[in-house]
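Now for the letters of each chain:
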Amino acid sequence: MRSALAILILATASSLAIAHGPSRQKVTEQVTIKAPPAAVWAKLKDFNGLQSWHPAVEKSAATDGSKAGSVRTLTIKGGGKAVEELESINDEQMTLKYRYKEGTLPVSNYQSTLSVKPADGGSQVEWRGAFYRGFPNNDPPPELNDEAAIKAITGIYKSGLENLKKTLEK
Amino acid sequence: MGRLGPPPSRGRKFLRPLSTLLWRLLPPLLFSFATVAQAAPFAYITNQGSNNVSVIDLAVERVVATVPVGRSPAGIAVHSLTRRAYVTNPDSKDVSVIDMTSNKTMARLPVGGGPVGIAVAPDGGKIYVADWFNSRVVVIDGGKHQILASVRVGKAPAGIAASTDGKRIYVANRDSNNIQVIDTASYQTLATITVGDHPFAIALDDKAGRAYIVNVQSNDVSVVDLKQNKRIATVAVGNTPYCAALTPAGDKLFVTNQHGDSVSIIDTQSNKLIETVPAGGYPEGIAIHGKRAYVVNWMDDNVSVMDTDNHKILTTIATGKNSRGFGQFIGAP
C-alpha cells in the first residue's frame, strides 16, 4: 500500500490524447475472496465508491454515479489525482470497464476492467489494465518508461485487491 | 477448402461401381496437385510482449513455428509471391524479414523512429513502413533492402495499404485525422481525405473503389470512395475500434473493438452495421481467409477463429505474449 501511494505521488505525467509510446503494456492481478460474488460485485460496481476499499484513494466525486459515461475524479492520499470515465457496466457478467482520462499516473491511453467470478464457494476478482507508458516518444526518462508504468499499475491493483479482500472477509 | 467425396447418386445403378472406384483414386491425385499448386496458408502473428512471431498453420489451426524477431514486434505484411513476411519492431526501430519457407529471420532492416504500420507492393518490389514518431513513410527496396525514399506524411502515421495495381499507397495519419493518398512513382500526395477521430487501420477494396478507415477515438468506420477521394459514409461500431478485414467477396467488413472485447460486422452494400459479437480480450489485428476470420486478442494472448457466415467463434489458438498482428498477416509460401 505504501509503495502504491509513493508511486501515485511521484508520478507527474498526465494522459495525452495525442500519440503514445509504441508498445502497449498490460497488467492482470487476481484475488480470491471468501464472500459471495454478489456481495463482492455490490462493492465493485459502485463507481463512486473506490475510497471505501482502495487504501490509496482519499475521496471520489462522480458526475453520474455508476452509469456508463459517468466521470469520477479520484483524490489520491498524499496528493495526485485520477480522472476516469465509466465505459461500461454489466451486472449479469459482473464486469465494469473504465478509461483513464487524465491525472498523475505515469501512463497514457489506459483502460481498466474489474470483474468478479464465482470460485470455490467464494469469489475471484480480476483487475486488468492496458496502457502505454507516460512518455509518448522514444527514449523515455526512467520515471516515465514502460517499467515505471507497469510498476505503478501493478501497485495500484495489488494494494487495492489486498484491501478489498480484507474489507470483505472481516 | 473444398471437401472431396463421392458425387450424389443419380439412380443410375450401373455406373456406381465405376464412379466409386474413380472417387477412391481421385483424392490422393487431387491432393498432390493441390500441394504443388498452392500450399496451405499460414498466419503470422506478431507478439509484442515476447519479441517473436507465432506461425499458425491454418489447416490444422495451431502454432507450428515461433520466429524470434526484433523488439516489441507490432506490424506485419506477408507477401506470398516472394515468400517474405515483414515485421516492424518499434522498440528496436527496424524491420525483420522472415523467410516463409524456413521460418527464419533472413535480415533486419534499420528504419529508425517508430516503425509500426507496414505494407508491401503487390509485386514485392517495395516495402512501405510508417514511422509513427517522425511523420514519414520509409520506402525500402524489396530486393536490395535499401532505403529508396522517405515520404513526408501527417502526424502519427499508423495503418498503410498498397493498391492492387501498385500505383498508390494509402496512409492513415492517426493524429491528423486523415488519410493520405500517395503516388508510388513520384511520391507526390494525390489527395488528403478527412476521416473520423484518430484513424488507425485501413481495409482497402480498390476493385470496388472503396477504403474503410477504422477510427479509434470516434468509435466508427469511415467509408471512402476512391474515385472521388471522399468520405461517403460513417458507420458506428463498438468501443475503440482498431483493425478491419473484408471477406473475399467484399460483402462484409469485420472490425475489431479493443475496449468492447468484440467484433462488429458491417454490410458493405448498405454500409450498415449487421451486428457486434463478443470476441476475446482486446481484439486487435484481423485477417480473413476463405470463410474464416482470424481475430488476434492482445489481452488474452490468442487468436479466435470466427465463422464469417454466422459470426460464431469456432476455436481459439494460443499464441505468444501481447499478440497484435497489425497488418495483412495471412499468406502461403
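Here we summarise the structure given alongside this text. (Residues numbered from 1 in each chain as written. Chains lettered and ligands numbered in written order. Predicted model: local features only at pLDDT ≥ 70, side-chain atom pairs only at ≥ 80, totals over all residues. Heavy atoms only, no water.)

1. Some words on the sheet that holds strand S25 (residues 292-297) of chain B
Residue and element names in this part refer to chain B.
Part 1 of the reasoning: One open sheet holds the 4 strands; their spatial order is S24-S25-S26-S27, and the pairing between them is antiparallel. The open sheet has two edge strands, strand S24 (283-289) and strand S27 (313-318), and neither has a second partner. In this sheet, neighbouring strand axes are inclined to one another by 20 degrees on average, regardless of whether the strands run parallel or antiparallel.
Part 2 of the reasoning: Examined bridge by bridge, S24 and S25 share 5 bridges and lie antiparallel to one another. Bridged to Ala287 within S25 is Tyr294. (Pairing = 2+ DSSP bridges. Helix = DSSP H or I, 4+ residues; strand = E, 2+ residues; numbered from the N terminus. Axes fitted to C-alpha atoms, helices over the stretch in contact; angles between N-to-C directions.)

2. Observations concerning the side chain of Asp175 of chain B
All names here are of chain B.
Part 1 of the reasoning: Inspection of the secondary structure assignment puts Asp175 in the loop between strand S13 (168-173) and strand S14 (178-183).
Part 2 of the reasoning: Judged by its relative accessible area of 10%, Asp175 falls in the buried class.
Part 3 of the reasoning: A polar contact is formed between the side chain of Asp175 and the side chain of Arg174, at a distance of 2.7 Å. (Buried < 20%, exposed > 50% of the residue type's maximum accessible area, 1.4 Å probe, protein only. Polar contact = N/O pair within 3.5 Å; in protein donor to acceptor, adjacent residues only side chain to side chain.)

3. Observations regarding helix H3 (residues 146-169) of chain A
Part 1 of the reasoning: With 24 residues, H3 of chain A should reach 34 Å at 1.5 Å per residue; the first-to-last C-alpha distance of 34 Å fits that figure.
Part 2 of the reasoning: The N-cap of H3 of chain A, judged by a side-chain oxygen 3.2 Å from the amide nitrogen of Glu147 of chain A a few residues on, is Asn145 of chain A. (Expected span 1.5 Å × (residues − 1).)

4. Structural notes on the nonpolar core
Proteins that are soluble and globular tend to have nonpolar side chains buried together.
Part 1 of the reasoning: Grouped together as the largest cluster of nonpolar side chains are 35 residues, with contacts concentrated most on Leu253, Phe254 and Val255 of chain B.
Part 2 of the reasoning: With 34 residues, the next largest nonpolar core counts Val27, Val31, Trp53 and Val107 of chain A among its residues. (Core = buried A, V, L, I, M, F, W, Y, C linked by side-chain atoms within 4.5 Å.)

5. A closer look at the packing of helix H2 (residues 37-44) of chain A against H3 of chain A
All names here are of chain A.
Part 1 of the reasoning: Between H2 and H3, the shortest axis-to-axis distance is 11 Å and the interhelical angle comes to 125 degrees. As far as their axial angle goes, H3 and H2 are oblique. Remark: the crossing between H2 and H3 carries right-handed chirality. Every residue of H3 that contacts H2 at Ala39, Val40, Lys43 and Leu44 is listed here: Leu164, Thr167 and Leu168.
Part 2 of the reasoning: Here the residues of the contact of H2 with H3 are counted per class, giving 5 nonpolar, 1 polar and 1 charged. (Parallel < 35°, antiparallel > 145°, perpendicular 65-115°, else oblique. Left-handed = near helix turned anticlockwise from the far one by under 90°. Contact = heavy atoms within 4.5 Å. Nonpolar A, V, L, I, M, F, W, Y, C, P; charged D, E, K, R; others polar.)

So far we have only geometry, and geometry alone does not tell us how the molecule works.
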